[in-house]
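# Tertiary structure, described
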Amino acid sequence: MATFDDLLEEAGTFGRCQKRIFALLCLLSIPVSAVYVGIVFQGFTPDHWCRDAAVVERRQACSWSLSDSRRLTALVVNNSGVLQQSSCEQYEVDWNNTRLTCDSQELNLTNVPVTACKVRSLKFIEVDFNLVCSDAWLVDMYQSILNVGFLIGSFAFGYLADRFGRRVSIMMSNILNLIAGIVLAVVPNYISILVVRCIFGFGVKGGWMNGYVLLTEMVGAEYRRTVGIVYQMFFSVGNLILPLLAYYITDWRWLQVVITAPYLFFLPYYWFIPESPRWLISQKNTAKALEITEAMAKENKKKLSKNFETVTEDEGDSPSASLLDLFRTPNMRKHTFILMFNWFTSAVVYQGLIMRVGIAGGNVYIDFLISGLVEFPAAFLILITIERIGRRLPFAAANIVAGAACVITAFIPDSMFWFKTVVACIGRLGITMAFEMVVFVNTELYPTFIRNLGVSVCSTLCDIGGIVSPFLLYRLAFIWLELPLIIFGVVAFVAGGLVLLLPETRGVPLPETLDDIEFPNSKLVSIFAMMTCNVSFCTLI
């Protein structure tokens with residue numbers, strides 16, 4: 001009895017039809033970047049200070065410079081190890097009832113008491129909802145709540161895709177993203193922002209994930225890893241487009257509208273992308289699966305033979321998966337904990353390094369663009385190394401290089417700007433490689449019957465890392481701007497060291513049972529014995 005892979009061999013494993021679907025779904029990956037890291041521009045905090053109408057009036061009359069007038073309202077404080085004028089406190093002086101002359105800039109304000117700003121001189125999200133100073137942590141929540149939506153969306157859309165199909169779930173995601181994205185741009189208060197932002201993340205993650213699944217199910221086994229890596233690389237294309245959009249669209253609400261607009265053009269995908277034949281076969285709808293596969297073969301200029309009247313799932317009956325299976329045996333337990341930590345590390349460090357661009361003090365648009373460019377070599381380095389060197393060493397090296405770069409960057413003085421930028425970009429390259437590698441390494445370390453559950457459970461730590469990352473970055477940066485980098489570096493070092501404890505999977509058949517994980521050598525011995533037997537048999541002939 002034939003499987004769908006047998007059917008696909010005749011229809012074409014990566015023909016014109018799959019290339020068309022591949023191109024369309026890669027476009028789906030681009031706006032996800034703006035949703036995921038748009039906080040760098042939407043949540044960018046411009047220089048601001050306490051405003052006093054009397055001081056402003058005197059500044060205009062006396063032709064004071066901005067720094068002269070700020071001296072009367074903003075005291076000097078130690079901010080992340082740097083002495084600068086406070087953005088959140090002012091001298092407690094009623095300048096309306098104080099005689100101000102053009103020489104008042106020489107006033108001694110050393111022992112004058114201070115108080116919180118009454119009026120600020122600040123169209124960013126912080127300004128609209130006053131999310132600065134003591135309420136600055138609410139900007140962290142704006143990013144964290146998105147990752148809460150990602151976490152829920154992973155499970156919910158995973159179920160919807162298995163229940164109603166990949167194509168339907170992608171359409172549902174696009175509709176939800178379009179509605180939530182536009183509503184997010186017009187909501188009037190911060191609580192509404194959080195609710196809608198969570199819904200937006202829910203839909204975006206679900207659609208992206210199901211696009212990845214549909215894409216890998218439509219191509220032959222030899223193309224799955226490559227198309228998966230390139231699909232993720234289009235996320236990096238979005239990283240290049242985002243700073244250009246943000247440079248010309250400075251209002252966060254209009255930027256949100258532009259970020260959402262592509263989902264309007266994704267709505268017709270329902271009519272241009274077929275349902276996954278693999279899913280249809282799993283639902284016992286073989287007739288529809290054959291109909292779609294015949295259409296694919298026709299577009300690929302191929303013709304199916306008449307031998308495929310019945311098609312079965314690629315995998316026969318298998319034991320039911322249980323969450324406990326991930327922790328029941330020693331090797332499974334080790335793999336699960338190491339992979340969980342690496343998913344968590346990849347999310348924390350990757351998202352943290354991107355968001356740090358917004359607080360590093362340079363030109364946020366140029367710095368973001370440069371750091372985005374270094375992500376592209378990551379995909380090519382992975383494709384070059386994984387079949388020549390293996391999975392484990394490049395995976396571990398990527399984490400260790402990222403960790404070393406983070407720690408070194410923290411101690412490079414700001415005067416060595418370009419050197420600091422280059423080292424930081426190397427760290428970004430390393431963590432991008434690690435993030436892309438953990439996806440397929442995860443699939444290669446679990447047996448067939450529990451593979452999907454294993455990937456789902458481990459990848460939840462990615463979203464948990466995304467929830468933690470904004471608070472880790474922004475709150476620690478208040479203590480010392482470079483402190484988050486040291487934390488990122490230590491975490492990445494540990495992740496790289498743990499990867500070295502995983503087995504190498506290059507050239508090893510995918511595990512099918514728990515015994516293949518717990519006793520890997522026995523399977524290799526069996527394969528070697530079979531090969532030896534075949535060679536001996538051929539010699540006898």
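First, a word on scope: everything that follows refers to the structure included in this document. (Residues numbered from 1 in each chain as written. Predicted model: local features only at pLDDT ≥ 70, side-chain atom pairs only at ≥ 80, totals over all residues. Heavy atoms only, no water.)

### Regarding the overall build of the protein chain
A count of helices and strands for the protein chain gives 24 helices and six strands. Split into buried and exposed, the 541 residues of the protein chain put 50% on the buried side. Total accessible area on the protein chain is roughly 25100 Å²; 65% of this is exposed by carbon and sulfur atoms. (Helix = DSSP H or I, 4+ residues; strand = E, 2+ residues; numbered from the N terminus. Buried < 20%, exposed > 50% of the residue type's maximum accessible area, 1.4 Å probe, protein only. Areas by Shrake-Rupley, 256 points an atom, 1.4 Å probe, with all protein chains shown as cover.)

### With respect to the packing of aromatic side chains
The description of an aromatic ring pair uses the distance of the two centres, along with the angle that the planes make with each other. Following the criterion strictly, the structure yields 20 aromatic pairs and no others. Seen from their ring centres, Tyr 270 and Trp 271 are 5.4 Å apart, and the 80° between their planes marks the pair as edge-to-face. Within the aromatic cluster, the residues linked to one another by ring pairs are Tyr 36, Phe 150, Phe 235, Tyr 350 and Phe 435. Cation over ring: Arg 197 sits above Tyr 142, and NZ or CZ is 4.1 Å from the ring centre. Taking NZ or CZ as reference, Arg 225 lies 5.3 Å from the ring centre of Phe 440, over its face. (Phe/Tyr/Trp six-rings, centres within 6.5 Å; stacked < 30°, edge-to-face > 60°. Lys NZ or Arg CZ within 6 Å of the ring centre and 35° of its normal.)

### Let's talk about the pattern of salt bridges
The final tally for this structure, using the stated rule, is 14 salt bridges. With a closest N to O distance of 2.9 Å, Asp 162 and Arg 166 form a salt bridge. Under the relative-accessibility criterion, Asp 162 is labelled partly exposed at 45%. A relative accessible area of 8% places Arg 166 in the buried class. A single network of salt bridges, built from pairs that share partners, joins Arg 225, Glu 387, Arg 391 and Glu 444. (Salt bridge = Lys/Arg side-chain N within 4 Å of Asp/Glu carboxyl O.)

### Observations regarding a nonpolar patch on the surface
Taken together, the side chains of Ile 175, Ile 179, Val 183 and Val 186 make up a nonpolar region of the molecular surface, amounting to roughly 340 Å² of accessible area. Considering the arrangement of structural elements, one finds Ile 175 in helix H8 (residues 166–184). (Patch = residues over 30% accessible without salt bridge, like charges linked within 9 Å, V, L, I, M, F, W, Y side chains within 5 Å.)

### Digging into helix H17 (residues 364–373)
Those residues of H17 lying buried are Val 364, Asp 367, Phe 368, Ser 371 and Gly 372. Viewed along the axis of H17, the buried residues span an arc of 130°, placing them on a single side of the element. Looking at the packing, one finds that the buried side of H17 touches helix H2 (16–37), helix H3 (39–42), helix H10 (221–248), helix H16 (330–356), helix H18 (376–385) and helix H20 (417–444). The N-terminus of H17 is capped by Asn 363, whose side-chain oxygen sits 3.1 Å from the backbone nitrogen of Tyr 365. (Arc of directions from axis to C-beta. Contact = heavy atoms within 4.5 Å. Polar contact = N/O pair within 3.5 Å; in protein donor to acceptor, adjacent residues only side chain to side chain.)

### Some thoughts on the packing of helix H19 (residues 392–411) against H20
Helix-helix packing is characterised by the crossing angle of the two axes and by the distance between the axes. At a minimum axis distance of 7 Å, the contact between H19 and H20 shows a crossing angle of 150°. One way to sum up the angle between H19 and H20 is to call them roughly antiparallel. The handedness of the crossing between H19 and H20 is left-handed. Where H19 approaches H20, its residues Pro 394, Phe 395, Ala 398, Asn 399, Val 401, Ala 402, Ala 405, Ile 408 and Thr 409 are matched on the opposing element by Lys 420, Val 423, Ala 424, Ile 426, Gly 427, Gly 430, Ile 431, Met 433, Ala 434, Met 437, Val 438 and Val 441. (Axes fitted to C-alpha atoms, helices over the stretch in contact; angles between N-to-C directions. Parallel < 35°, antiparallel > 145°, perpendicular 65-115°, else oblique. Left-handed = near helix turned anticlockwise from the far one by under 90°.)

### Some points on the environment of Phe 417
Topologically, Phe 417 is positioned in helix H20. The class of Phe 417 is partly exposed, set by a relative accessible area of 36%. Along the sequence, Phe 417 and Gly 362 sit 55 residues apart, while their C-alpha atoms lie 9.1 Å from each other.

### With respect to the side chain of Gln 143
Within the secondary structure, Gln 143 is located in helix H7 (residues 137–164). Within polar-contact distance, the side chain of Gln 143 engages the side chain of Gln 351 at 2.8 Å. With near-sequence residues (within four places) excluded, Gln 143 lies in contact with Tyr 36, Ile 39, Arg 197, Gln 351, Met 355 and Pro 470.

### Comments concerning the packing of H17 against H20
Direction vectors running N to C along H17 and H20 enclose 45°, while the axes themselves pass 9 Å from each other. In terms of orientation, H17 and H20 fall into the oblique class. For the element pair H17 and H20, the recorded crossing hand is right-handed. On H20, the residues touching Asp 367, Ile 370, Ser 371 and Gly 372 of H17 are Phe 417, Trp 418, Thr 421, Cys 425 and Arg 428. In terms of residue class, the contact of H17 with H20 is built from four nonpolar, three polar and two charged. (Nonpolar A, V, L, I, M, F, W, Y, C, P; charged D, E, K, R; others polar.)

### With respect to helix H9 (residues 190–218)
With 29 residues, H9 should cover 42 Å at 1.5 Å per step; its first-to-last C-alpha distance of 42 Å lies within 8% of that length. Counting buried positions along H9 yields 23 of 29 residues, so the element is predominantly enclosed. Two or three places before Ile 191, at the start of H9, stands the capping residue Asn 189, its side-chain oxygen 3.4 Å from that residue's backbone nitrogen. (Expected span 1.5 Å × (residues − 1).)

### Concerning the environment of Asp 516
In this structure, Asp 516 sits in helix H23 (residues 514–518). Taking the C-alpha atoms as reference points, Asp 516 and Tyr 446, 70 residues apart in sequence, are found 9.2 Å from one another.

### Remarks on the side chain of Asn 174
Relative to the helices and strands, Asn 174 is located in helix H8. Classification of Asn 174 by relative accessible area gives buried; the value is 2%. Discounting residues that sit within four places of it in the chain, Asn 174 has contacts with Leu 28, Tyr 263, Phe 266 and Leu 267.

### Digging into unusual backbone geometry
A negative phi angle characterises most non-glycine residues, just as the trans form characterises most peptide bonds. Here Lys 284, not a glycine, exhibits a phi torsion of approximately 65°, which is positive. Here Lys 284 is to be found in the loop between helix H14 (277–282) and helix H15 (286–299). On the basis of relative accessible area, Lys 284 is assigned to the exposed category, the value being 65%. Despite not being glycine, Lys 301 shows a phi value in the positive range, around 60°. For Lys 301, the location among the structural elements is in the loop between H15 and strand S6 (311–312).

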